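Chains, contacts and geometry: an overview
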Amino acid sequence: MLESKESPLVSPLISEKSTIYAHILNDIANAVFHSGDRLISTKLAEKYQTSINPVREALKQLQGEGFVTVEPNSGARVALFEYNTLRDVFEILQLLEPYLMTWFVEEHTDEDRLEMERLLNEMEAASDKEYRSLDTQFHWLTVKNHYNQKAVDLWRRNRLILLAMQSNVRLNTTRIKQSIEEHKRIIRGLENRDVKTVLDIMNEHIGNSGQYWTKYLQRNNMR
């Protein structure tokens, strides 16, 4: 089988790192496959140096998670990530983040906070793609150890959809600077284990990100 080469952009969110599922999902999130592209089993098997059955199983799993659609006489395609998809993803994250973050504020360790500070320092000198990888790691750190792993998995899938939608679009420097400041404020709130302050900042952070991407899609007539 092809050696795993998942990008750090998505690998923190993918548990099955050695599977064909992970390879395909990685390629969707990194714009190797775009929204609406056909996913032909024989070509995928050749690309990932495997047989047809693992590819079919992976496509079925990705279909169940909303990354792939399968239509009669058309076969499998990367899902069409449109405005409504973006709206739904941000609404789900706005519901999940406060629930997951409340536990993290109360239960996180000093080591967790130091790791967040390290990631933040790297963000300030990162390129666009490196920034997204670090941002993914930052947020994954706040949810991954929550006792409700079903909620974590729902968060993970929606975060991956967001990454897939954004994969071939550059973030502008203004939004990156704004986001970094929001991350700094989150860390300051964590130092005091101030749940209300951290949740207020998280809601602001998600809201600002949602507004940014909504404006982008509207400017590019993606609805």
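To be clear, the structure that these remarks concern was listed above.
This is a predicted model, so every value here is computed, not measured. (Residues numbered from 1 in each chain as written. Predicted model: local features only at pLDDT ≥ 70, side-chain atom pairs only at ≥ 80, totals over all residues. Heavy atoms only, no water.)

With that settled, consider the overall build of the protein chain. Helices and strands together make up the secondary structure of the protein chain, namely nine helices and three strands. Secondary structure elements of the protein chain occur, N-terminal to C-terminal, as α-β-α-α-β-β-α-α-α-α-α-α. Considering only intrachain contacts with a sequence separation of at least 6, the fraction spanning at least 24 residues in the protein chain is 69%. (Helix = DSSP H or I, 4+ residues; strand = E, 2+ residues; numbered from the N terminus. Contact = heavy atoms within 4.5 Å.)

This brings us to unusual backbone geometry. Unlike most non-glycine residues, Gln49 shows phi in positive territory, near 55°. Looking at the element boundaries, Gln49 is found in the loop between α2 (41-47) and α3 (52-64). Overall, Gln49 belongs to the exposed group, its relative accessible area being 52%. Of note in the backbone geometry, Arg193 takes a positive phi value of approximately 50° without being a glycine. Summarising the element assignment, Arg193 is placed in the loop between α8 (173-191) and α9 (195-219). On the basis of relative accessibility, which here comes to 37%, the residue Arg193 falls in the partly exposed class. (Buried < 20%, exposed > 50% of the residue type's maximum accessible area, 1.4 Å probe, protein only.)

So, about the sheet that holds strand β1 (residues 38-39). Taken in spatial order, the three strands make up an open sheet running β1-β3-β2, and their pairing is antiparallel. Where the open sheet ends on each side, the last strands, each with one partner, are β1 and β2 (68-71). Relative to strand β3 (residues 75-78), β2 runs antiparallel, the two being bridged by four bridges. Bridge pairing links Thr69 to Arg77 in β3. On top of the sheet, α3 reaches β1, β2 and β3; it is set at about 105° to β2, its chief contact. (Pairing = 2+ DSSP bridges. Axes fitted to C-alpha atoms, helices over the stretch in contact; angles between N-to-C directions.)

Before going further, it helps to spend a moment on the packing of helix α1 (residues 20-29) against α3. Each pair of packed helices gets described by two things: the angle between the helix axes and the distance between those axes. Between α1 and α3, whose axes approach to 8 Å, the crossing angle comes to 55°. With respect to α3, the element α1 is oriented oblique. The chirality of how α1 crosses α3 is right-handed. Mapping the contact onto sequence places Ile20, Tyr21, Ile24 and Leu25 in α1 and Pro54, Val55, Ala58, Leu59, Gln61 and Leu62 in α3. (Parallel < 35°, antiparallel > 145°, perpendicular 65-115°, else oblique. Left-handed = near helix turned anticlockwise from the far one by under 90°.)

Looking now at the side chain of Asn208. The residue Asn208 is located in helix α9 in this model. Residue class for Asn208 comes out buried when judged on its relative accessible area of 16%. Filtering out sequence-adjacent residues up to four positions away, Asn208 remains in contact with Arg175, Gln178 and Glu182.

Along an α-helix, residues three or four apart share an orientation, since each turn contains 3.6 residues. Among the 10 residues in α1, 10 count as buried, and that is most of the element. Ile20, Tyr21, Ala22, His23, Ile24, Leu25, Asn26, Asp27, Ile28 and Ala29 are the residues of α1 that are buried. Lining the buried residues of α1 we find α2, α3, β2, β3 and α7 (149-166). Directly after α1, the chain includes Ala31, whose backbone phi takes a positive value near 65°.

We now examine the environment of Pro98. By secondary structure assignment, the location of Pro98 is in helix α4 (residues 83-107). Along the backbone, Pro98 and Val195 are 97 residues apart, and their C-alpha atoms lie at a distance of 9.2 Å.

Quick look at α7 now. In a regular helix each residue adds 1.5 Å, so 18 residues correspond to 26 Å; α7 covers 25 Å between its end C-alpha atoms and thus fits that length. The buried fraction of α7 amounts to 13 of the 18 residues, a majority that puts the element mostly inside the structure. The opening residue of α7 is Asn148, an N-cap whose side-chain oxygen sits 3.3 Å from the backbone nitrogen of Lys150. (Expected span 1.5 Å × (residues − 1). Polar contact = N/O pair within 3.5 Å; in protein donor to acceptor, adjacent residues only side chain to side chain.)

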